[in-house]
Amino acid sequence: MPLSKLFKKPVCTLLSGILAVSVSQSTIGATSSMESLPSNEVTGNKAGKPANVLVLMFDDMRFDTFSYRGGPVNTPNIDALAAESTRFDNAMSTTGLCSPSRAAFYTGKWGHKTGLDDNVELYHTRLAELDLREGGLIKKASEAGYLVGHVGKWHLGARGTELRGAEIDLAHGHEPRERFTRVFTPTSKVKQVEGYYEGRMDANNEKHEYYKTLPGSYEDTEAYKKVVAGKQMLLQMAKDERPFFGVISFNQPHPAYRVPEPYASMFDPAELELPSNHLAKRINKPMAQGGIWWPWHDVGHMSDMDWRKARAHYYGAIAMVDRIIGELIQQAKDEGIYDDLHIVLFGDQGSMLGEHTLYDKGPYAYDELMRMPLLIKDPDISPRVVNRQVSLIDVTPTLTEMMHLEAELDYDGHSLIPLMLKGDKAEEGEVDKALYAYEWYNGSWFGIRAIRTPEYKFVWNPGEDLDELYDLNKDPGELTNLINDKHYVSVRTDMLKLLMSELKRTEDPALTKLEYHAKHYLQDVRHEKTSH
């Protein structure tokens, strides 16, 4: 149903039955052959015993590079997992920044409720940790009698997993071990980027703030240390009679893109296929998108080959991620726990590889940053592809239901189990939408809110005087900002109302300011009607 027809109904009618952030038709060749599985092939485990859960979390991992999505990287282990899982091919992060997206996953709530809406422990941020009163999934599972383990990156404050009840707590060097330590300040990175402008290069004639060939082999990497620790955790969980909830969280493939051989040379930079928005000039775009919020955002020194090498190293990192996943799944099989194991695989957000001449992440809502991979393997539910948009924040109530934990009344997402059981028809007739926010970046405020449907995206930039509107069918690269295009006045109004309804639903205090800013657009609508 077109948005324009939906919005002839009262907002309260629109919101009834909509408990989540959801959305859309995939634009990347996903097969839907699994979508038509007979209903008798799906069962579900809601009435059974609490689920054993393994979460595999990766940092800044895009949605579009895997071979099961038709991407450029051969990922047989991820593909095999996808074939056993519900594939959410239009999954969205809540925020394109590590700490806020992770906080949303663990708590099931937006940052305006938890207070965690910026990175922690980094230069210029005001935050040191996620409030310990926000126990989230880790504390809930621990209190429910689960063996809880966490390996790798947490990025929500020192000792946060331990203080929430994780019996297995292996950070492996990423997290500080004392609370409220001094933040990491990137002084050396500033000097390194300045050197690139002066013609200085790092070892192997590389720019190590963007791409690097690591010495040694796969077994010498920090990622492999987490693999070893993850295998140890799975061994311990297999021997324990309690149900278990384990998280293995990797820094890969976060920039700078750094991999050893053979991954560093796996893709020829000169032969890479580049997207239409690669190195595109940002015209009629918010000024903040060009800000240097972290030293490596200063990309004026990057040559075309530098960008290609960074992308090639990212693809190599995804190939290494596939090896990581294969080893961990094999360990679960060797321990005899795989058949009964619920696996959730996702990236906390995407990453920019030169699209719009942007690197890493920042205060914007482009699909390359907003979208993420999401696979959920439930051994009691037949695999399928879900095309509706869903959110990272929906995974929390889903796991809460699977693990028979106590749900919180103010969860902002909804359980994905109906979609896993019935596919897209489980939400037939509901607005297909996804909400996204970008409140802060390391102490700099932006307050961005975005709403996405399969057809359009509206981005509200309250820190500037320019918002954004994109026609995703005609312009999937989000090159042309249509915010002031007279032909899209009614679309803009519908998207604005949809965003306002979502902010109301999630009790977002930003709604008050948006309502004021909306007057300008609504006046344009009235003017458009009178002119005709």
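Residues numbered from 1 in each chain as written. Predicted model: local features only at pLDDT ≥ 70, side-chain atom pairs only at ≥ 80, totals over all residues. Heavy atoms only, no water.

Caption draft 1: Representation of the overall build of the protein chain within the structure. If you tally the helices and strands in the protein chain, you get 15 helices and 19 strands. A burial count over the protein chain gives 60% of its 532 residues as buried. Sequence separation of at least 24 residues holds for 74% of the intrachain contacts in the protein chain that already meet a minimum separation of 6. Per element, the accessible surface of the protein chain, about 20,800 Å² overall, is 51% carbon and sulfur. (Helix = DSSP H or I, 4+ residues; strand = E, 2+ residues; numbered from the N terminus. Buried < 20%, exposed > 50% of the residue type's maximum accessible area, 1.4 Å probe, protein only. Contact = heavy atoms within 4.5 Å. Areas by Shrake-Rupley, 256 points an atom, 1.4 Å probe, with all protein chains shown as cover.)

Caption draft 2: The arrangement of helix H3 (residues 76-83) in detail. Among the residues of H3, those classed as buried are Ile78, Leu81 and Ala82. For H3, the angular spread of buried residues about the axis comes to 100°, placing them on one side. Elements in contact with the buried residues of H3: strand S2 (86-88), helix H10 (304-334), strand S9 (341-347) and strand S13 (374-377). (Arc of directions from axis to C-beta.)

Caption draft 3: Fine view of the pattern of salt bridges. For the structure shown, the criterion picks out 39 salt bridges. Between Glu209 and Lys189 there is a salt bridge; the shortest N-O distance is 3.1 Å. Taken together, the positions of Glu209 in the loop between helix H8 (187-197) and strand S6 (211-214) and Lys189 in helix H8 put the pair 20 residues apart, joining distant regions of the chain. Each of the two residues, Glu209 as well as Lys189, counts as buried. Where Arg311 meets Glu355, a salt bridge forms, and the shortest distance between an N and an O atom there is 3.0 Å. Note that Arg311 is positioned in helix H10 and Glu355 in the loop between strand S10 (352-353) and strand S11 (359-360), a separation of 44 residues in sequence. Like Glu355, Arg311 is buried. By sharing partners, the salt bridges in this structure join Asp59, Arg102, Lys153 and Asp348 into a single network. (Salt bridge = Lys/Arg side-chain N within 4 Å of Asp/Glu carboxyl O.)

Caption draft 4: Summary view of the packing of aromatic side chains. One pass over the structure, following the stated rule, counts 21 aromatic pairs. Ring geometry for Trp296 against Tyr359: centres 5.8 Å apart, planes inclined by 90°, an arrangement best described as edge-to-face. Taken together, the residues span a long stretch of sequence, with Trp296 in the loop between strand S8 (257-260) and H10 and Tyr359 in strand S11 at a distance of 63 residues. The structure contains a cluster of three or more aromatic residues connected by ring pairs, namely Tyr196, Tyr210, Tyr257, Phe267, Trp296, Trp307, Tyr314, Tyr315 and Tyr359. (Phe/Tyr/Trp six-rings, centres within 6.5 Å; stacked < 30°, edge-to-face > 60°.)

Caption draft 5: Just the packing of helix H9 (residues 222-239) against H10, in detail. Following both chains from N to C, one finds H9 and H10 inclined at 15°, their axes separated by 9 Å at the closest point. Taken together, H9 and H10 sit at an angle that is classed as roughly parallel. Once H9 is placed against H10, the crossing between them reads as right-handed. Contacts from Ala223, Tyr224, Val227, Gly230, Lys231 and Leu234 in H9 reach Met320, Ile324, Glu327, Leu328, Gln331 and Ala332 in H10. Here the residues of the contact of H9 with H10 sort into eight nonpolar, two polar and two charged. (Axes fitted to C-alpha atoms, helices over the stretch in contact; angles between N-to-C directions. Parallel < 35°, antiparallel > 145°, perpendicular 65-115°, else oblique. Left-handed = near helix turned anticlockwise from the far one by under 90°. Nonpolar A, V, L, I, M, F, W, Y, C, P; charged D, E, K, R; others polar.)

Caption draft 6: Inspection of the environment of Val55 at higher detail. Assignment of secondary structure puts Val55 in strand S1 (residues 52-58). Given the relative accessible area of 0%, Val55 is considered buried. With near-sequence residues (within four places) excluded, Val55 lies in contact with Phe105, Phe245, Gly246, Val247, Ile248, Val344, Phe346 and Leu399.

Caption draft 7: Molecular detail of H10. In this model H10 runs 45 Å from its N-terminal to its C-terminal C-alpha over 31 residues, within 8% of the 45 Å that 1.5 Å per residue would give. The buried count for H10 comes to 24 of 31 residues, which makes it a mostly enclosed element. Note on H10: the residue one or two positions beyond its end, Gly336, has a positive phi of about 75°. (Expected span 1.5 Å × (residues − 1).)

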